[in-house]
Amino acid sequence: MMKRILLAAGLLAVAACETGKPYGAGGGGRVNFTEGSILGASLSSDDARALYPAFVTAIETGPSGEPVSWRGADASGAVTPGAYLIGNLKPDPKQLLPLSAALSFSEPFETELGLHALTRNANVRSGPSTDAKVIEQLPSGTGVDAVGKVSGKPWMLVAVDGAVRGYVHQSLMVKAPGTELELAGGPTRRAHLCRAFDQSLSVNGRSDRWSGVACDRGEGWRVEPKAENAPQRLY
């Protein structure tokens, strides 16, 4: 428990250094981690500061399904991290793909490369290097969606059945039969790491539970807004 508290405090200090001011000090830098909650607007600035490190700790390092609890002066709650997701690889940058394993996304990708087939049994790795951890092996003939190619390197980020599995060397795949003449290749993008979460909040005797997704799109973790046609929640 003490280790988790120290980690959360360290993350909060890093955030303060990045923004040049403490979290919740006002202005446009305020992060609303209660977006999607019917009680979020009733959270005080002090309680929002108490939520901040718990939310970041849960999203960045929390094991899936294990809640990270927090308590402020007038509110309390818990953030339970879920599945990892990846965004900004499809034409709609908000389209999120599930991740089957923890992967490295430090380099930009050439996107929309289309369907391919593996020509040999292929190691799927956590990063674009033969030094990266082997996650699994896919058999020869497996059809994969090449959702990205690391810019300047012969490594493809592949998905199977809609879920991103990892990196496969480009020499181990060819365009899928019947798609050889199709044009493929989209803009170069940087992948955005995201994570689903469940959250509970209690404020002044009222409680709420809801689910959401947080993404780091280059400005730190932010809760993704709900779709415009999503049903409204009523207290």
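Quick summary incoming for the structure in this document. Please read all numbers here as calculations on a predicted model, not as lab measurements.

Digging into the pairing of strand β1 (residues 68-71)
Part 1 of the argument: Side-chain alternation along β1 places Val68 and Trp70 on a buried face and Ser69 and Arg71 on a face that remains uncovered.
Part 2 of the argument: Examined bridge by bridge, β1 and strand β2 (residues 75-87) share four bridges and lie antiparallel to one another. Counted as the bridge partner of serine 69 is alanine 78 from β2.
Part 3 of the argument: Hairpin remark: β1 followed by β2, antiparallel, with three residues in the connecting loop.

Overview of the environment of serine 44
Part 1 of the argument: Relative to the assigned elements, serine 44 resides in the loop between α1 (2-19) and α2 (45-61).
Part 2 of the argument: Distance from serine 44 to alanine 73, taken between C-alpha atoms, is 8.9 Å for residues 29 residues apart in sequence.

Focus on the environment of proline 139
Part 1 of the argument: Tracing the backbone through its elements, the reader meets proline 139 in the loop between β7 (134-138) and β8 (143-150).
Part 2 of the argument: Classification of proline 139 as partly exposed rests on a relative accessible area of 46%.
Part 3 of the argument: Distance in space between the C-alpha atoms of proline 139 and asparagine 123 is 9.0 Å, their sequence separation being 16 residues.
Part 4 of the argument: Other than its neighbours up to four places away in sequence, proline 139 contacts Leu118, Arg120 and Asn121.

Structural notes on the packing of aromatic side chains
Part 1 of the argument: In this structure the tally under the stated criterion is five aromatic pairs.
Part 2 of the argument: Ring geometry for phenylalanine 33 against tyrosine 52: centres 5.6 Å apart, planes inclined by 35°, an arrangement best described as tilted. Highlighted residues: phenylalanine 33 in the loop between α1 and α2 and tyrosine 52 in helix α2, separated in sequence by 19 residues. The two residues phenylalanine 33 and tyrosine 52 agree in class, both being buried.
Part 3 of the argument: The structure contains a cluster of three or more aromatic residues connected by ring pairs, namely Phe33, Tyr52, Phe55 and Phe197.

Description of unusual backbone geometry
Part 1 of the argument: With phi around 55°, glutamate 112 is a residue other than glycine that occupies positive phi space.
Part 2 of the argument: Among the structural elements, glutamate 112 can be located in the loop between β4 (109-111) and β5 (115-118).
Part 3 of the argument: Residue classification places glutamate 112 among the partly exposed positions, given a relative accessible area of 29%.
Part 4 of the argument: Phi at aspartate 161 is positive, roughly 55°, even though this residue is not glycine.
Part 5 of the argument: With respect to the helices and strands, aspartate 161 occurs in the loop between β9 (155-160) and β10 (163-169).
Part 6 of the argument: Since its relative accessible area comes to 83%, aspartate 161 is described here as exposed.

Quick notes on the rules
Residues numbered from 1 in each chain as written. Predicted model: local features only at pLDDT ≥ 70, side-chain atom pairs only at ≥ 80, totals over all residues. Heavy atoms only, no water. Buried < 20%, exposed > 50% of the residue type's maximum accessible area, 1.4 Å probe, protein only. Helix = DSSP H or I, 4+ residues; strand = E, 2+ residues; numbered from the N terminus. Pairing = 2+ DSSP bridges. Contact = heavy atoms within 4.5 Å. Phe/Tyr/Trp six-rings, centres within 6.5 Å; stacked < 30°, edge-to-face > 60°.

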